Amino acid sequence: MEELSKLIQNIKKQFIPGTWDSFLKNAGRIYQKETKQIQEDFFDQLYFKTGFFRTCVIEMFKSHAIPKIKENEKNKLENPQNNPQNKTTNILILPCANGQEVFSLATICLEEKLNSEHVKIHGADLNKTLIQEAKSGKILIGNKTINDLDEYIKQGYFSKTQFPYPQPNLAISEQVQYLCKYYEHNILNQSLIKKYDVIICTNLLIQLSREGKKTAVKNLTKNQKPGTIIIFNKHYYTPPGKLYGLNNEKYGRRRKDNEFIASLDRKSTLGLKELKAPNVYEKI
Ligand SMILES: C[S@@+](CC[C@H](N)C(=O)[O-])C[C@H]1O[C@@H](n2cnc3c(N)ncnc32)[C@H](O)[C@@H]1O
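Since this is a predicted model, take the numbers as computed values, not measurements.

Turning our eyes to something else, we now look at the overall build of the protein. Each helix and strand counted, the protein has 11 helices and 10 strands in total. Taking the principal axes of the C-alpha coordinates as reference, the protein spans close to 55 × 50 × 40 Å. For the protein, buried positions account for 29% of its 284 residues. Long-range pairs, those at least 24 residues apart, make up 73% of the contacts in the protein with a sequence separation of at least 6.

The extent of an interface is frequently quoted as the accessible surface area lost upon association of the parts. One can read the domain layout of the protein as domain 1 (2-44) and domain 2 (55-283). Its C-alpha centre places domain 1 at a distance of 27 Å from the equivalent point of domain 2. With seven residues of domain 1 at the contact, the number on the domain 2 side is 11 residues. Of all the elements in the fold, those that place two or more residues in the side of domain 1 that touches domain 2 are helix 1 (2-14) and helix 3 (35-44).

Counting residues in each nonpolar core, the largest one holds 50 residues, and the members touching the most others are Val102, Ala106, Ile121, Ile199 and Cys201. What alanine 106 contacts, discounting residues up to four positions off in sequence, is Ile121, Val176, Leu179 and Cys180.

What follows concerns the packing of helix 4 (residues 55-78) against helix 5 (residues 100-111). The contact between helix 4 and helix 5 brings their axes to 11 Å, and the two run at 45 degrees. Considered as vectors, helix 4 and helix 5 are oriented oblique to each other. Note that helix 4 runs across helix 5; the crossing there is right-handed. Contact residues: Val57, Ile58, Phe61 and Lys62 in helix 4; Glu101, Ser104, Leu105 and Ile108 in helix 5. When the residues that make up the contact of helix 4 with helix 5 are grouped by side-chain class, the tally is five nonpolar, one polar and two charged.

What follows concerns helix 4. Between the first and last C-alpha of helix 4 there are 33 Å, a value that for 24 residues agrees with the 34 Å anticipated at 1.5 Å per step. Along its length, helix 4 shows its largest kink, about 40 degrees, at lysine 62. Here helix 4 has its buried residues at Val57, Met60, Phe61, Ala65 and Ile69. Buried residues along helix 4 sit against strand 1 (89-93), helix 5, strand 2 (119-125), strand 7 (198-201) and strand 8 (229-232).

In this section: the sheet that holds strand 7. Here we have seven strands laid out as an open sheet, ordered 6-2-1-7-8-10-9, and mixed in their pairing. Pairing within the sheet leaves two strands with one partner each, and these edge strands are strand 6 (180-184) and strand 9 (272-274). On average, each strand axis in the sheet is inclined to that of its neighbour by 25 degrees, with strand direction left out of account. Sitting on the sheet, helix 5 touches strand 1, strand 2 and strand 6, and the angle it makes with strand 2 is about 170 degrees.

Cis peptide bonds are those with omega within 30 degrees of zero, and the linkage from leucine 94 to proline 95 qualifies with 0 degrees. As for its placement among the helices and strands, proline 95 is situated in the loop between strand 1 and helix 5. Residue proline 166 follows tyrosine 165 across a cis peptide bond; omega there is 5 degrees. If you trace the backbone, proline 166 turns up in the loop between strand 4 (158-160) and strand 5 (170-172). In this structure, lysine 113 takes a positive phi of about 65 degrees despite not being glycine. Mapped onto the fold, lysine 113 is located in the loop between helix 5 and strand 2. Residue classification places lysine 113 among the exposed residues on the basis of 7 C-beta atoms within 10 Å. Positioned with a positive phi, asparagine 203 is a non-glycine residue whose angle comes to about 55 degrees. Position of asparagine 203 relative to the elements: it lies in the loop between strand 7 and helix 10 (210-221). Judged by the 17 C-beta atoms lying within 10 Å of it, asparagine 203 falls in the partly exposed class.

Read across the sheet, three strands follow the order 3-5-4 without closing on themselves; strand pairing throughout is antiparallel. Edge positions in the sheet fall to strand 3 (138-139) and strand 4, since each has one partner strand and no second. Here strand 4 runs beside strand 5; their pairing, made up of three bridges, is antiparallel. By the bridge assignment for strand 5, serine 159 is matched with alanine 171.

With that out of the way, let us pick up the site of the ligand. In the region of the ligand, 22 residues are neighbours, and Phe48, Thr50, Pro95, Ala97 and Asn203 sit closest. Residue classes in the shell around the ligand are distributed as 11 nonpolar, eight polar and three charged.

To continue, consider the packing of helix 1 against helix 3. Where helix 1 meets helix 3, the closest approach of the two axes is 9 Å, and the angle between their N-to-C directions is 20 degrees. As far as their axial angle goes, helix 3 and helix 1 are roughly parallel. As for how helix 1 packs across helix 3, the hand of that crossing is right-handed. Every residue of helix 3 that contacts helix 1 at Glu3, Leu4, Leu7 and Ile11 is listed here: Thr35, Ile38, Gln39 and Phe42.

What counts as what
Residues numbered from 1 in each chain as written. Predicted model: local features only at pLDDT ≥ 70, side-chain atom pairs only at ≥ 80, totals over all residues. Helix = DSSP H or I, 4+ residues; strand = E, 2+ residues; numbered from the N terminus. Buried ≥ 20, exposed ≤ 12 C-beta atoms within 10 Å, placed from the backbone. Contact = placed C-beta atoms within 7 Å. Domains from an automatic or database assignment. Core = buried A, V, L, I, M, F, W, Y, C linked by C-beta atoms within 7 Å. Axes fitted to C-alpha atoms, helices over the stretch in contact; angles between N-to-C directions. Parallel < 35°, antiparallel > 145°, perpendicular 65-115°, else oblique. Left-handed = near helix turned anticlockwise from the far one by under 90°. Nonpolar A, V, L, I, M, F, W, Y, C, P; charged D, E, K, R; others polar. Expected span 1.5 Å × (residues − 1). Bend = angle between axes of the 7 residues up to and from the residue. Pairing = 2+ DSSP bridges. Near = placed C-beta within 6 Å.

Shown next, in the form of structure tokens:
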């Protein structure tokens, strides 16, 4: 029981208010379950909608990650002696949900003629079920999303499965899968172990309380080396001018979220410098 009250206390401290209560409403009689199972059920119900080939993410990737990979390749050619292991550029997408972002960005790399000798993309998330789906290389996404993809993407990198709904309807080609690796990681509990050249963190902080945000950003950046680029979401839209009354209720939290992400370079303990793009930082 002590374990369970600790879990509830942590969730209430780290996630936005109401997250635990809405879980409880739907979860029924949790007290008959083991704490570990309750934790997994809680993780399973977190908001996990993700996106395939989203323009904003691809643009960020093309402006900040692709140049980094190309620069690394140029250095390898010019100074082979400095790079004995012929190091690839390592990219992390956290959280990755069922891998749609990871697979999209791996495809962008292949289109740029960058393969596993040049880049590795890791996806991490606390949701075990989603990580298993991503690892399987067969994922469930909206049929409309598949139909809307450019023909060259559909033909070259993905195929439809024949499984009935709700089984996965999209099979990722081996060449895309080959660039991607997935692992479970709860960024609120543990800092990253591996060092990355680029970290992309979209739609995580909106789920967290201020306390949770601080812990997540600290754990994401702590072990990283100077030069690592960390990309967060673009600002949410909030109406211009002062917020008051209903508008404040509706947009106040979003504005605070924006301010939090936009001011990470002012938190000296993180050692981050903002690059010439909103919400993109470099570890110094
Ligand atoms: C809305 S999805 C975002 C996925 C992707 N980055 C995107 O923008 O489409 C949010 C994901 O955050 C994951 N998540 C929530 N808290 C987390 C934590 N503490 N550590 C790792 N992943 C977490 C959830 O499991 C969920 O898959």
